[in-house]
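The chain contents come next:
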Amino acid sequence: MSANTGTSKASDRVSNKVSNSGKYQLPLSTVQYLTFFTASEEYAISIVKVSEIVEYEAVTTVPNTPIWIRGVTNLRGRVVPVVDLAVKFGLPASAISKFSCIIITEVMFQGENLTMGVLADSVSQVIELSADEIEATPPFGTRVKTEYLLGMGALGKKFCLILDIDKVLSADELLAVTESADEAANHGPAKEAHFEAGA
């Protein structure tokens, strides 16, 4: 555990902010985002899409799945697919380090919430942005398709890219993930595990 101590403490701090976010009395125009790093770029996801942050531990590779599916992990008896956004965005696969973690997100698929994991090189912070603090995404200069982005949030002198996670993980891709998770559940060591909708 000593190698992951730094990740644990950082994740705990952010997780506490995630779990306590409902207690904050924020203006309606202000939204909280979790920021994280992937392939040296800082991204953000709306805090309401994040349920928790876990250390990167055992992720089982599932054959015949899209290359951007890193594998599946067991989250308290549930099989959760883990997506490598770097590969999804056409970059080399993320290298695993002591800071690597999995952001557990809730995404919409056919009107239901599905639990997904997003591999991150490290988590950064929870930020608050109002609508007028979010810049439109330019049609050039980013490695991410513009339809995956809600905009750019200012972080001092630089920007983070705000992801529309429901579009990043589109319907067809979510179906592929669901099938891979079902296959892992049926053929993995814990045959009773299954892919569940909802939190």
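Keep in mind that this is a model prediction, so the values were computed, not measured. (Residues numbered from 1 in each chain as written. Predicted model: local features only at pLDDT ≥ 70, side-chain atom pairs only at ≥ 80, totals over all residues. Heavy atoms only, no water.)

Asker: What's the story with the overall build of the protein chain in this structure? I'm lost.
Answerer: Counting secondary structure elements, the protein chain contains four helices and 11 strands. Looking at the protein chain as a whole, 50% of its 199 residues are labelled buried. In the protein chain, 60% of the contacts between residues at least 6 apart in sequence involve partners at least 24 apart. When the accessible surface of the protein chain is totalled, it reaches about 10,200 Å², and 53% of it is carbon and sulfur. (Helix = DSSP H or I, 4+ residues; strand = E, 2+ residues; numbered from the N terminus. Buried < 20%, exposed > 50% of the residue type's maximum accessible area, 1.4 Å probe, protein only. Contact = heavy atoms within 4.5 Å. Areas by Shrake-Rupley, 256 points an atom, 1.4 Å probe, with all protein chains shown as cover.)

Asker: What is the right way to read unusual backbone geometry from this model?
Answerer: Working note: non-glycine residues mostly have negative phi, and peptide bonds are mostly trans. A positive phi angle, close to 50°, is found at Ala39, a residue other than glycine. Here Ala39 lies in the loop between strand E1 (30-38) and strand E2 (41-46). For Ala39, a relative accessible area of 24% translates into the label partly exposed. Here the phi dihedral of Arg76 falls at roughly 50°; this positive angle occurs in a residue that is not glycine. Exposure remark for Arg76: the relative accessible area of 63% places this residue in the exposed category.

Asker: Can you help me understand the pairing of E1 in this one?
Answerer: Look at any regular strand and the pattern is simple: side chains alternate between the two faces of the sheet. E1 sits mainly inside the fold: seven of its nine residues count as buried. Pairing of E1 with strand E8 (residues 122-130), which is carried by eight bridges, proceeds in the antiparallel orientation. Bridge pairing in E8 links Gln32 to Glu128. In terms of strand pairing, E1 meets E2 through six bridges, oriented antiparallel. In the sheet register, Leu34 faces E2, and the bridge partner there is Ile45. Once E1 ends, the chain turns through two residues before running back antiparallel as E2, passing Ala39 with a positive phi of about 50°. (Pairing = 2+ DSSP bridges.)

Asker: Looking at this model, I keep getting lost on the sheet that holds strand E7 (residues 112-120). Mind explaining?
Answerer: Note on sheets: strands pair through backbone hydrogen bonds, and any given pair is parallel or antiparallel. One open sheet holds the five strands; their spatial order is E3-E6-E7-E5-E4, and the pairing between them is mixed. Every interior strand has two partners, whereas the edge strands, strand E3 (50-55) and strand E4 (69-75), have only one. Taken over all neighbouring pairs, the strand axes of this sheet differ in orientation by 35° on average, direction set aside. Taken together, the three bridges between strand E5 (residues 78-84) and E7 define a ladder with parallel strand orientation. Counterpart to Val82 in the pairing with E7 is Gly117. (Axes fitted to C-alpha atoms, helices over the stretch in contact; angles between N-to-C directions.)

Asker: Quick question: what am I supposed to make of the packing of aromatic side chains here?
Answerer: What describes a pair of aromatic rings is the distance from one ring centre to the other and the angle between the planes of the rings. A complete count under the given rule lists three aromatic pairs for this structure. Relative to Tyr148, the ring of Phe89 has its centre 6.2 Å away and its plane inclined at 35°; by these criteria the two rings are tilted. Separated by 59 residues along the polypeptide, Phe89 in the loop between helix H2 (85-88) and strand E6 (101-109) and Tyr148 in the loop between strand E9 (134-135) and strand E10 (149-155) bring together distant segments of the chain. When the ring centre of Trp68 is taken as origin, the NZ or CZ atom of Lys88, which lies over that ring, is 5.1 Å away. (Phe/Tyr/Trp six-rings, centres within 6.5 Å; stacked < 30°, edge-to-face > 60°. Lys NZ or Arg CZ within 6 Å of the ring centre and 35° of its normal.)

Asker: Please clarify how the pattern of salt bridges should be interpreted in this entry.
Answerer: It is possible for side chains bearing opposite charge to pair when their charged atoms get close. By the definition in use, this model includes four salt bridges. A salt bridge links Asp166 to Lys49, with the nearest nitrogen and oxygen atoms 2.8 Å apart. Of this pair, Asp166 sits in helix H3 (residues 165-168) while Lys49 sits in the loop between E2 and E3, and the two are 117 residues apart along the sequence. By relative accessible area, which is 18% here, Lys49 ends up buried. Across the pair Glu52 and Arg76 runs a salt bridge, and its minimum N-O distance is 2.5 Å. (Salt bridge = Lys/Arg side-chain N within 4 Å of Asp/Glu carboxyl O.)

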